[in-house]
Amino acid sequence: MTDKDLQSLRQAAKAGATWKDLAAIIGVTDRTLRRWREEIEEEEEHPDGYFDGVEPEDRRPAPDDAAQILAAVHAGRAEGRQELIDLIRQQAVEKKDLRTLLALLKRMDNMDK
């Protein structure tokens, strides 16, 4: 995956794309993307060498660029969330209606689940 592809993925995540949308962008199913995410998170929870004795067929490794893909998605989500928080603060100062903005923030929080 090229830097341009990762940047596009990051921008889509920042804009609030769903996991299904993000999977379609990189050409995999949302189930595959979810599996990558789960496997990478599981690896991060354990010390190096923890899986050394595990048979390869018992553990399906994610491709090498899966970590980069997920890093781009998480970075995009963080940027989008921060922009919404900043906008909510600005709207609060200006005393405008916050319902739509809070709904968007809640939607982005729910996307990571």
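To be clear, the structure that these remarks concern was listed above.
Predicted, not measured: the structure shown is a model, and the values here were computed from it.

A.B. asks: Go over helix α1 (residues 3-14), please, and point to the residues and values.
C.D. replies: The end-to-end C-alpha separation of α1 is 16 Å, in line with the 16 Å expected for twelve residues at 1.5 Å each. Burial in α1 covers these residues: L6, L9, A12, A13 and K14. Following α1 by one or two positions, G16 adopts a phi angle in the positive range, close to 100°.

A.B. asks: Give me the lowdown on the packing of aromatic side chains, citing residues and values where you can.
C.D. replies: Evaluated as defined, the whole model comprises zero aromatic pairs. Here the basic side chain of R37 rests over the ring of W19, its NZ or CZ set 4.3 Å away from the ring centre. Sitting over the ring of W19, R77 keeps its end group 5.5 Å from the ring centre.

A.B. asks: With reference to specific residues and values, describe the environment of A71.
C.D. replies: Within the secondary structure, A71 is located in helix α4 (residues 66-94). Separated by 65 residues in sequence, A71 and L6 place their C-alpha atoms 9.1 Å apart.

A.B. asks: Run through the nonpolar core, naming residues and quoting values.
C.D. replies: Core analysis: the biggest nonpolar cluster contains 17 residues, and L22, L33, W36 and I69 have the highest contact counts within it. The set of elements that each furnish at least two residues to this core consists of α1, α2 (19-26), α3 (30-45) and α4. For this core, the element with the most residues is α4, which contributes five residues. Those residues in contact with I69 that lie beyond four places of it in its chain are M1, L6, L9, I26, L33 and W36. Listed in part, the five residues of the second largest apolar core include L84, I88, L105 and M108.

A.B. asks: I'd love a proper account of the pattern of salt bridges, names of residues and values included.
C.D. replies: Side-chain pairs of opposite charge can arise where the charged atoms are in close proximity. Scanning the entire structure with this criterion turns up four salt bridges. For K14, the salt bridge identified is with E79, shortest N-O distance 3.4 Å. Within this pair, whereas K14 is found in helix α1, its partner E79 is found in helix α4, the two being separated by 65 residues in sequence. A residue is classified by how much of its surface remains accessible, and E79, at 25% relative accessible area, is partly exposed. Residues E83 and K14 are paired through a salt bridge, measuring 2.8 Å at the closest nitrogen-oxygen approach. On the criterion of sequence distance, the pair formed by E83 in helix α4 and K14 in helix α1 is long-range, its members being 69 residues apart. Salt bridges linked by common partners bring R10, K14, E79 and E83 together as one network.

Conventions used here
Residues numbered from 1 in each chain as written. Predicted model: local features only at pLDDT ≥ 70, side-chain atom pairs only at ≥ 80, totals over all residues. Heavy atoms only, no water. Helix = DSSP H or I, 4+ residues; strand = E, 2+ residues; numbered from the N terminus. Expected span 1.5 Å × (residues − 1). Buried < 20%, exposed > 50% of the residue type's maximum accessible area, 1.4 Å probe, protein only. Phe/Tyr/Trp six-rings, centres within 6.5 Å; stacked < 30°, edge-to-face > 60°. Lys NZ or Arg CZ within 6 Å of the ring centre and 35° of its normal. Core = buried A, V, L, I, M, F, W, Y, C linked by side-chain atoms within 4.5 Å. Contact = heavy atoms within 4.5 Å. Salt bridge = Lys/Arg side-chain N within 4 Å of Asp/Glu carboxyl O.

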